[in-house]
Amino acid sequence: MNVKIYVSSKLVEQCTFCQLYGIIEVQRDEIRFVVLDDKLRPGTYLVGEICSESDYRRLMRQSDSNDSRDLLLLEENFLRLSISDRGRVKHVTIKVKGVTIETLNKVMIVYDERGFSNLAEGGLIDDDDDNDLLHLARLIKSSKPQSNSALQDLLGWASSSQLTNLIVYMLGPLVTLLRILFKKTALFYHCSEWNESIKSKSFNGAKWALLFDIGFGVIVLSMVLYFGNPGVHFMEYAELVVNHLRELLQTLRGSPIGLKLNAPLNDFFLSCFLYHVDLWWTFLILVSPAIKFLFIPLSILGLLGLSFQLAMLSDLLILISLHAHCFYIYAAVLYRIEIGGIRALCRIVLGKKKNVLRNRVESHEYMNRQLFLATLTFAVLLFLLPTILVYYVVFATLRFAIYCVSYILMTVRRMILQFPFDAMILWMRGAYTDVDSLEIYNIGSNAHENITIIYVAPKVSNCFWKSRSHRSQKGIGNNQFDEMAAKRNTITIGRFLVSLIRGEMVAFIQPDESNYRKDFNIE
């Protein structure tokens, strides 16, 4: 069994007699004496004392005499440190459950209290980790008196107020109705993620995240008020996109880039999709007043934060491009039928068939008329493939571009929620510390008492974002953060592109919606 003693460097350097308060942790393979302060703090109790070398020798002489006993033996769990006038630890005596521990290996860790306090303020100590030093930072944080700010008092009063509970109860049906109506919107998904993010952060982390988010949103609102409503120019950009799409479709007439397209099928597709593009333009004309008006609440959402503005902007983009998603669905259905038919006919030509019950491909003997019909159908589908493929590529590209913009907006607002603004503030103040920036020194040992003395001090770290990302890659985090990260298993842009190339049916519109859907595969 080993013994670890954690003592603040401030208590060692003051070289005066004092009582030590902290906690004692008895584990299976080691005992920890964690000294937190020389005063009684919440959650601490008397664990030992610091005395001078002369007092220590006097107590040892009293313990050797027959008519007196050391006061240390009267205590159940006790620690006694002998400090010289120069602040050096001379003797360490420990007693646990009536047994004085002299022969066991003892490690005394003298820690820098200010550095570990900064480590506690950084929010890293909230992670579930077995690191002893992080555990020490947790204990230091818990023993410090909580300084409630006016904002904390106001929030606490508001949350416990009966008026607040009455308002929440009255607005319950309205919130349920809004949840049903806007369940598939990016704004709804963002509200859920925003709530989970605020709950997973500490008070300082949530406070700075909200301040920066709202600050960025107010800047965007000020720019809108200064330069005017950007929705005024909406129809100009929409007309530009629609005209380019019309011109692109017109170039598909005949033999684009040397492809020999099927003329009747090409004319049918061209007339059909041009008609749908005209419907799209008519729809944009009808909803343009509503789109211009929606830019006003989008700007006002800056009072709640930039992330809310980005979420509503993503919803506006989906509303505008709804017809483009329909174009992709039409082309994707034709493409899937074409690819599926060619695959099935290839198996027939090779003398095989797919056993649906056993989910495998087996050999099969076909009759001549079946082979003739399969060959004829295969030739027809093969010659129709370039025409269908061209239109699928056009509308899949349009769908991919819209998804990329929505994905970028989603990524930016999630970065706002995840960015450690509280750690950035500490870093700007020169007080940010991290476990990876620890400095450890072996400052002495005593072979007679089997003790090693180590000095540990967290230093200022210059890369707070790297340390945070490194810890997230290692899977370190609390349960709420892990659950939130599991829900964010969004289809990436690369995977989305692969799904389009493979002809998979991507039914969802919002990138957030893919979090709540299973993986899509071609059957």
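Computed from a prediction, not measured in an experiment: that's the story for all the values here.

Comments concerning the overall build of the chain
- Helix and strand counts for the chain come out as 18 helices and 12 strands.
- The buried share of the chain, taken over its 523 residues, is 41%.
- The contacts of the chain with a sequence gap of at least 6 include a subset with a gap of at least 24, amounting to 73%.
- When the accessible surface of the chain is summed, it comes to about 29,600 Å², and 62% of that surface belongs to carbon and sulfur atoms.

Describing the pattern of salt bridges
- Taken as a whole and judged by the stated rule, the model has six salt bridges.
- As a salt-bridge pair, Asp278 and Arg246 come within 2.9 Å of each other at their nearest N and O atoms. Of this pair, Asp278 sits in helix α11 (residues 263–300) while Arg246 is found in helix α10 (residues 234–251), placing the two residues 32 residues apart along the sequence.
- Its relative accessible area of 25% is what places Arg246 among the partly exposed residues.
- Each of Glu193, Arg413 and Arg414 takes part in a single network of salt bridges with overlapping partners.

Side note on the packing of aromatic side chains
- Per the counting criterion, the structure on display carries 19 aromatic pairs.
- Arranged with centres 6.3 Å apart and planes meeting at 55°, the rings of Phe212 and Phe216 form a pair that is tilted. With Phe212 and Phe216 both in helix α9 (residues 203–227) and four residues apart, this pair spans about one turn of that helix.
- Between Tyr328 and Tyr392, the ring centres sit 6.4 Å apart and the planes meet at 40°, which makes this aromatic pair tilted. Here Tyr328 is found in helix α13 (residues 322–349), whereas its partner Tyr392 is found in helix α14 (residues 368–418), with 64 residues between them in sequence. A single burial state applies to Tyr328 and to Tyr392, both of which are buried.

Quick look at the pairing of strand β3 (residues 30–37)
- Burial within β3 is extensive, with eight of its eight residues counted as buried.
- The pairing of strand β1 (residues 2–8) with β3 spans five bridges and is parallel. Opposite Lys4, over in β3, you have Arg32 as the bridge partner.
- Here strand β2 (residues 18–26) folds back onto β3, and the loop between the two strands holds three residues.

Some words on the environment of Ile23
- One can find Ile23 in strand β2.
- Separated by 12 residues in sequence, Ile23 and Val35 have C-alpha atoms that sit 6.8 Å apart.
- Those residues in contact with Ile23 that lie beyond four places of it in its chain are Arg32, Phe33, Val34, Gly43, Thr44, Tyr45, Val47 and Leu139.

Looking at the nonpolar core
- Within the largest apolar cluster, 51 residues are counted, with the highest numbers of intra-cluster contacts made by Leu249, Leu284, Tyr391 and Tyr392.
- Mapped by element, the contributors of at least two residues to this core are α10, α11, α12 (306–320), α13, α14 and α18 (493–501).
- It is α14 that provides the largest number of residues to this core, a total of 14 residues.
- Every residue in contact with Leu249, bar those within four places of it in the chain, is listed here: Leu270, Phe273, Leu274, Val277, Tyr391 and Phe395.

Some points on a nonpolar patch on the surface
- Judged by side-chain polarity, Ile214, Val218, Phe293, Ile296, Ile300 and Leu303 come together as a nonpolar surface patch covering roughly 520 Å² of accessible area.
- For the nonpolar patch, the secondary-structure elements that each account for two or more residues are α9 and α11.
- By residue number, the principal contributor to the nonpolar patch is α11, which donates three residues.
- You can see Leu303 is positioned in the loop between α11 and α12.

Side note on the pairing of β2
- Of all nine residues in β2, seven are buried; the element is thus mostly enclosed.
- Looking at chain direction, β2 and β3 are connected through six bridges and run antiparallel. Each residue of the ladder has a partner; that of Glu25, found in β3, is Arg32.

Considerations on the side chain of Asn266
- Within the secondary structure, Asn266 is located in helix α11.
- Asn266 sits in the buried class, given a relative accessible area of 2%.
- A distance of 2.9 Å separates a polar side-chain atom of Asn266 from the backbone oxygen of Leu252.
- Leave out the neighbours within four places in its chain, and Asn266 touches Leu252, Arg253, Gly254, Leu261, Thr387 and Tyr391.

Rules used throughout
Residues numbered from 1 in each chain as written. Predicted model: local features only at pLDDT ≥ 70, side-chain atom pairs only at ≥ 80, totals over all residues. Heavy atoms only, no water. Helix = DSSP H or I, 4+ residues; strand = E, 2+ residues; numbered from the N terminus. Buried < 20%, exposed > 50% of the residue type's maximum accessible area, 1.4 Å probe, protein only. Contact = heavy atoms within 4.5 Å. Areas by Shrake-Rupley, 256 points an atom, 1.4 Å probe, with all protein chains shown as cover. Salt bridge = Lys/Arg side-chain N within 4 Å of Asp/Glu carboxyl O. Phe/Tyr/Trp six-rings, centres within 6.5 Å; stacked < 30°, edge-to-face > 60°. Pairing = 2+ DSSP bridges. Core = buried A, V, L, I, M, F, W, Y, C linked by side-chain atoms within 4.5 Å. Patch = residues over 30% accessible without salt bridge, like charges linked within 9 Å, V, L, I, M, F, W, Y side chains within 5 Å. Polar contact = N/O pair within 3.5 Å; in protein donor to acceptor, adjacent residues only side chain to side chain.

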